[in-house]
Amino acid sequence: MLNLKSLNPQQRKAIEYDEGPALIIAGAGSGKTRVLTYKVAYLVEQGYEPDSILALTFTRKAALEMKERTKKLIGSKADQIWMGTFHSVFSRFLRSEAAHINYEPNFSIYDTEDSHSLVSNVLESLKLSPDNYNPGSIRHRISYLKNHMISPEKFKKNYISTFPEQKVFEVYVEYQKRLRENNSMDFDDLLLKPIELFSNNPKILTKYRKKFSYILVDEFQDTNKAQYELLKLMSSKDGKITAVGDDAQSIYSWRGADITNILNFEKDFSKCKVFRLEQNYRSTKSILAVADCVIKNNKDQIQKTLWTDNPQGEAVTLIKCSDEKDEAYQISRVIKNEITTNKRQLKDFAILYRTNSQSRALEDVFRREKIAYAIIGGLEFYKRKEIKDLVAYLKVINNNIDEESLLRIMNFPQRGIGVTTIQRMIVFARKHEITLFETMSRVFEVIDIKERIQKNVKNFKVLLDKYMILKDELSVGEMTRALVDELGIISLFKDEKSVEGRQKIENVQELLSSIMQFSNQNPKAALGDYLQEVSLMTDTDSNNAERNFVSLQTVHSAKGLEYPVVFLSGCEEDIFPLSNKFSTDATVQEERRLFYVALTRAMEKAYLSHARSRYRFGEVAYQNRSRFIDEISPDLCCELNGGLGKKANRKSKKEIYYEYFENMDYVDFNQENIDLKVGVRVMHDKFGLGKVIHVVGAGEAQRVTVSFEGNNVKQLMIKYAKLKVLS
DNA sequence: AGGCTTGGCTTTTTT
DNA sequence: AGCCAAGCCT
Ligand SMILES: Nc1ncnc2c1ncn2[C@@H]1O[C@H](COP(=O)(O)OP(=O)(O)OP(=O)(O)O)[C@@H](O)[C@H]1O
């Protein structure tokens, strides 16, 4: 029997309400996600079939976490509940129903970079110069239109006034056409195509409506028009649907998120009942008061009460710094202090920043100070060139009309097929109305390509053909390993004889082992199943709960998370709020909401740091402190003891560094892998028994050199290699 | 065909 | 400072 005792009466009411649509609007840390999780469990207990419940979250990680927690409440029944992001859930439906929207079920999913290069190709074939038509901004424009459910036809009818707009329209049309020809969809299509599917096929809509008897949505404030439309389609007016959100935490409008969805919900679901949660369980009174000071400067937010029973706690602390290095040093010093005086662990800390580029100074200093850290998000693993290239092979093998992926690998690794050859083949393909892939088998008819090069193309085609057969005979893992061997990718990178080259090898090996792992966990999985997973995967997804390090991440990726101690770095005008030439009052308000999100991640203590100057765009910029700090009532915060910032100002970097060094009692702050030292014996899944002969770096970047049995010496990244330490 | 240099532009944030 | 795309040279 589900125990609802750990929930307050407001929360319980929201959970037990099952007479119609419910909208839960509540501030940060009031238990929205917790309520949603319990509600899922409650519904199952009330007799709903687990596989008739659909829970939609903002990130994959949030979905995995919700699944874990539901499992704790109701056990293995939780496995059958549909939990995922809009993108992943609806793309699965699309694969089953592909025929109804004139697609093949093995369609590829294009990420932003793929879309970008498709736009470039479209511009080229429409003979539009990239000087006048910037591929990036056009891609963004098209995505914006799609996000707002403005089809090319609608765009043409209602929005075109100028000549360049007319061209955008033409690119838009051609872009969509190419996507279809490539049997590919971009992220936006994953939401738009289901709408098309449901609108044109009432029977299928009925099927899905019947299939799902209850829908729950987390982070509702960050859904876009298309997502909301899908919700309306999937549930009836008096439908069984619960949405939770906080308008003050809407931080994705740049991606099409539309706050008016919250307001419309009450209208569109007329019998909707609104619930409010007012007790915050996460933060101290000090932190909440500061957050409230800031957010109340946004006039348009929905009025909400938020109080807490938690202790007053320490005042929020400002850290004044001379520059970004100083900022990093001061933060690392506070972390060390907190660890020794307050018995904290590294994993209790998060350092948040507005832009990814701010992580660099922090990383440098943390590495030097031996503070184990991990970058969450950042340059994502799956966006690295060597990874994308390899995945492009898999995409082509799975869906050979995917021209973007084919173009990507045509000459990687180099096989003497240059741009001119490719252009000639494309001309041939268009003329004969066949795909580029088909052109490759008829390359001997493309007479303006030299014979030697025709042979290269032919060989490449033979290779691809072979793997298209192998894909049905080998597991995804085995096939990819064979492919990597045959392409000679590892030795290619080895020959680069550089740190980057070695990094690439590690990345490729990491990809291989993750594919292997996938194959082992899903023995029956086909290549397409793996690609479906990998195309919607992001770095933030990996679950690091058990590991002990400081987390470095953007405020955006910290949404929904909580940490005992939070540092918010770079609280300066132009950075937070971030500004550019397009800044408006609306964008500043969103920055303020982002600031609110950042603050409310903190449970016990928040530090706000700002620097007088920092490197930006390759030169020193003098910074003013953020207006958001000035919005905080002065009696709610204090400055870091002893005016460290001023002191640091007068000393050189070197002096500061040595001063820290001398004053520091010897404590190894690298709490993670503390026992991974030279000489220690370790066990590796693949390589077997070995001995550590070298350790470099800290945190995420930490690497060890291990001598395995049989004179087999390997460099491994701790982050990826699962080493067992043998005592 | 492919490698190297230059010049423009950039940093938002991510499914 | 660092990345990418375009252009130039071999
Ligand atoms: N009734 C309760 N009793 C004890 N702890 C609670 C209760 N409700 C929520 N919490 C705790 O409060 C914290 C915040 O909960 P949760 O993450 O669900 O809030 P949220 O409203 O989704 O937050 P946010 O919108 O900021 O992401 C969690 O640690 C959760 O376990």
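### Some thoughts on the overall build of chain A
For chain A, the count of helices and strands is 28 helices and 24 strands. The buried share among the 727 residues of chain A stands at 55%. Summarising the internal contacts of chain A: among those between residues at least 6 apart in sequence, 75% fall at separations of at least 24. For chain A, the accessible surface area stands at approximately 33,500 Å², while carbon and sulfur atoms represent 51% of it.

### Overview of the site of the ligand
The full set close to the ligand counts 18 residues, and K32, T33, R282, E562 and R601 are the nearest of them. The backbone of G29 places a nitrogen or oxygen atom 3.1 Å from an oxygen atom of the ligand. One of the backbone N or O atoms of G31 is found 3.1 Å from an oxygen atom in the ligand. Expressed as a share of its isolated accessible area of 630 Å², the protein-covered part of the ligand is 82%. Per-element tally for the shell around the ligand: the top contributor is helix α2 (residues 32–45), with three residues. A per-class count over the shell around the ligand returns three nonpolar, ten polar and five charged. Structurally, the shell around the ligand is a two-domain feature, drawing no fewer than three residues from each of domain 1 (9–99 + 195–279) and domain 3 (316–378 + 543–641).

### Considering the domain arrangement of chain A
What the domain assignment lists for chain A is domain 1 (9–99 + 195–279), domain 2 (108–182), domain 3 (316–378 + 543–641), domain 4 (381–536) and domain 5 (680–725). Contact with domain 1, which involves 17 residues of that partner, is made by eleven residues of domain 3. Surface buried jointly by domain 1 and domain 3 totals about 1,200 Å² across both partners, of which 54% is contributed by carbon and sulfur atoms. Between the two partners, domain 1 and domain 3, sit two salt bridges. Note that D222 and K559 form a salt bridge whose closest N and O atoms lie 2.3 Å from each other. Applying the counting criterion to the domain 1 and domain 3 interface returns six residue pairs in polar contact (both at pLDDT 80 or more).

### Remarks on the sheet that holds strand β2 (residues 53–57)
Here we have six strands laid out as an open sheet, ordered β3-β2-β6-β7-β1-β8, and parallel in their pairing. Lying at the two open borders of the sheet, with one neighbouring strand each, are β3 (82–85) and β8 (273–277). Across the sheet, the mean angle from the axis of one strand to that of its neighbour is 15°, orientation sign disregarded. Contacts between helix α3 (residues 60–74) and the sheet are confined to β2 and β3, with β3 contributing the most and set at about 155° to the helix.

### Structural notes on the pattern of salt bridges
When their charged atoms lie close together, side chains carrying opposite charge are able to pair. Overall, the coordinates contain 48 salt bridges when judged by the stated rule. When the shortest N-O distance is used, the salt bridge between K240 and D18 registers 3.5 Å. With K240 in the loop between α11 (225–234) and β7 (241–245) and D18 in the loop between α1 (9–16) and β1 (22–26), the pair connects residues that are 222 residues apart, well separated along the chain. We classify K240 as partly exposed; its relative accessible area is 34%. By relative accessible area, D18 is classed as buried at 19%. Among the ionic pairs, E590 bridges to R593, the shortest N-O distance being 3.1 Å. With E590 and R593 both in helix α25 (residues 585–599) and three residues apart, the pair spans about one turn of that helix. By relative accessible area, R593 is classed as buried at 8%. Among the charged side chains, a salt-bridge network with shared partners connects D111, E113, D114, K385, K388, D389, K395 and R408.

### Section: the sheet that holds strand β16 (residues 602–611)
The strand order across the open sheet built from seven strands is β13-β14-β12-β15-β16-β11-β19, with neighbouring strands paired in parallel fashion. Each edge of the open sheet is held by one strand with a lone partner, namely β13 (373–375) and β19 (637–639). This sheet shows a mean twist of 25° between the axes of neighbouring strands, independent of strand direction. Of the pairings in the sheet, the one linking β13 to strand β14 (residues 550–554) comprises three bridges and is parallel in character. Across the sheet, Y373 pairs through a bridge with V550, a residue of β14. The strands touched by helix α15 (residues 359–368) are β12 (349–353), β13 and β14; relative to β13, the strand with the most contacts, the crossing angle is about 155°.

Reading guide: rules and limits
- Residues numbered from 1 in each chain as written.
- Chains lettered and ligands numbered in written order.
- Predicted model: local features only at pLDDT ≥ 70, side-chain atom pairs only at ≥ 80, totals over all residues.
- Heavy atoms only, no water.
- Helix = DSSP H or I, 4+ residues; strand = E, 2+ residues; numbered from the N terminus.
- Buried < 20%, exposed > 50% of the residue type's maximum accessible area, 1.4 Å probe, protein only.
- Contact = heavy atoms within 4.5 Å.
- Areas by Shrake-Rupley, 256 points an atom, 1.4 Å probe, with all protein chains shown as cover.
- Near = heavy atom within 4 Å.
- Polar contact = N/O pair within 3.5 Å; in protein donor to acceptor, adjacent residues only side chain to side chain.
- Nonpolar A, V, L, I, M, F, W, Y, C, P; charged D, E, K, R; others polar.
- Domains from an automatic or database assignment.
- Buried area = accessible area lost by both parts, 1.4 Å probe.
- Salt bridge = Lys/Arg side-chain N within 4 Å of Asp/Glu carboxyl O.
- Pairing = 2+ DSSP bridges.
- Axes fitted to C-alpha atoms, helices over the stretch in contact; angles between N-to-C directions.

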